[in-house]
Amino acid sequence: MKIRVAAVGDVHLGEDLRGRYRGRLDGIGERADVLLLAGDLTRHGTPEEGRVVADEFRDLPIPVVTVLGNHDYQSDAADEIVEVLRDAGIQVLQDESTVIECGDLRLGVVGGKGFGGGFAGKCASEFGEPQMKAFVRHTREISELWHKALKGLDTDHRVVLSHYSPVKDTLAGEPLEIYPFLGSYLLAEAVDAEGADLFIHGHAHSGVEKGLTPGGVRVRNVALPVLRRAYAVYSLGAEDPEV
Amino acid sequence: MSHEASHDVAPHHDAPHYDAPHYVAARVQRALAADERTYELGIRVDIRGDQLFLRGEVECEERRHLVAAVAGETAPGLKVHNEVTVVEVRGPGEEETL
Ligand SMILES: [Fe+2]
Ligand SMILES: [Fe+2]
């Protein structure tokens, strides 16, 4: 028994791309049990773009779960976008969890957009100006919520869905100088504390697909420019991966 | 260089010091990220003499042209070389077993 998780991020849809994604999703019901979207659904974060996203991903044969990305906040209309997506039957996670029934198995998904700050030994800390403290506090509070959400999740498999990265591995190819804006090790720390089968993220368009947290959780950067395919499919709980 | 001598090398009005290629490139990059026609954060901008090079990837042909247009407006007088490519998206491909 296995669960097949399809995932893609950073589709950055807008009116100019309307109808373009839908065709790529043909047959997804035969390939996967759930589709996870890793944020940056839009380019400007307008409600109009939110409606394009809703129309591309509505009424699929499998459940769709998403988080928002930084672009989806650009027009201060994140709440409206969330509403538009939910009306289309798409689940939006904002630092919370959901359970999806896949046949006899239950998949727990914890998710939110995440945030930056950098990686252990080379990161920002809650010190100095209020702006600096607020920046780092935001990430810390998110990771605490994820930790709590994972703790309360008793399912066969657990996946974390984020926009920002928990590790540097999947950022390879991005300029080192912007790492603190691409993710935070606090996200990995929270997940390693409770364990998960997979950590999905986007945001790093120039990064690479595969990485690992310090605790051994598989990390996959599914940003569309990285994948260069409609979506990736990750199979959890298959008998023996080597056979 | 002493402060007193600075009038000898003071920038002329037609070539202000903030137009050093370094700053122009940064300004173009900022414009590409902030202009509502583009909002592209991942475009690399390089200036060599009067040539401006754009590299990176966008989702469609129209966005590719907009990137060049915004860059050209932000750095008038430079010749724009648009080396930005459109991401080609293939089918879903094979599943990975974890
Ligand atoms: Fe993105
Ligand atoms: Fe992003």
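This one's a predicted model, so the numbers in the text were calculated from it and none came from an experiment.

How should I be thinking about the coordination of the iron ion (ligand 2) in this particular structure?
Each angle at a metal carrying four tetrahedral donors should ideally be 109.5 degrees, and each at a metal carrying six octahedral donors should ideally be 90 or 180 degrees. Residue and element names in this part refer to chain A. Of the protein atoms, only Asp 40 (OD), Asn 70 (OD1), His 163 (NE2) and His 203 (ND1) coordinate the iron ion (ligand 2), at distances of 2.1 to 2.2 Å. Classification of the site at the iron ion (ligand 2) rests on its 4 donor atoms, whose angles at the metal span 87 to 156 degrees, yielding the label irregular. Between consecutive donor residues of the iron ion (ligand 2), the sequence gaps follow D-x29-N-x92-H-x39-H. For the pair the iron ion (ligand 2) and the iron ion (ligand 1), the metal-to-metal distance amounts to 3.4 Å, and Asp 40 bridges them. In this pair, Asp 40 sits in the loop between strand E2 (34-38) and helix H2 (47-57) while His 163 sits in the loop between strand E9 (157-161) and helix H5 (185-194), placing the two residues 123 residues apart along the sequence. Taken as a pair, Asp 40 and His 163 share a single burial class, namely buried.

Looking at this structure, I do not really get the coordination of the iron ion (ligand 1). What am I missing?
All names here are of chain A. The iron ion (ligand 1) binds to the protein through Asp 10 (OD), His 12 (NE2), Asp 40 (OD) and His 205 (NE2), with metal-donor distances spanning 2.0 to 2.3 Å. Coordination at the iron ion (ligand 1) is irregular: its 4 donor atoms span angles of 87 to 170 degrees at the metal. Along the chain, the residues donating to the iron ion (ligand 1) are arranged with the sequence spacing D-x1-H-x27-D-x164-H. For His 205, a relative accessible area of 27% puts it in the partly exposed group.

Would you mind going over H5 of chain A with me for this structure?
A turn of α-helix holds 3.6 residues, and therefore any two residues three or four places apart point the same way. Among the residues making up H5 of chain A, those that are buried are Leu 186, Leu 187, Ala 188, Ala 190 and Val 191 of chain A. The residue sitting at the N-terminus of H5 of chain A and contributing the capping side-chain oxygen is Ser 184 of chain A; that oxygen lies 3.0 Å from the backbone nitrogen of Leu 186 of chain A.

Explain the pairing of strand E3 (residues 64-67) of chain A here, please?
The side chains of a regular strand alternate between the sheet's two faces. Residues and elements named next belong to chain A. Across the two faces of E3 the burial is the same, with Val 64 and Thr 66 and Val 65 and Val 67 all buried. Examined bridge by bridge, E2 and E3 share 4 bridges and lie parallel to one another. Across the sheet, Leu 37 pairs through a bridge with Thr 66, a residue of E3. Taken together, E2, H2 and E3 constitute a β-α-β crossover, and its handedness is right-handed. Bridge count for E3 against strand E4 (residues 91-92) is 2 bridges, and the pairing is parallel. Directly across from Val 65, in E4, lies its bridge partner Gln 91. In this view, the connection linking E3 to its parallel neighbour E4 by way of helix H3 (residues 78-87) has right-handed handedness.

About the criteria used
Residues numbered from 1 in each chain as written. Chains lettered and ligands numbered in written order. Predicted model: local features only at pLDDT ≥ 70, side-chain atom pairs only at ≥ 80, totals over all residues. Heavy atoms only, no water. Donors = N, O, S within 2.8 Å, 3.2 Å for Na, K, Ca; no water. Tetrahedral: all angles 85-135°; square planar, octahedral: opposite > 155°, others 65-115°. Helix = DSSP H or I, 4+ residues; strand = E, 2+ residues; numbered from the N terminus. Buried < 20%, exposed > 50% of the residue type's maximum accessible area, 1.4 Å probe, protein only. Polar contact = N/O pair within 3.5 Å; in protein donor to acceptor, adjacent residues only side chain to side chain. Pairing = 2+ DSSP bridges. Right-handed = clockwise from strand over helix to strand, strands pointing away.

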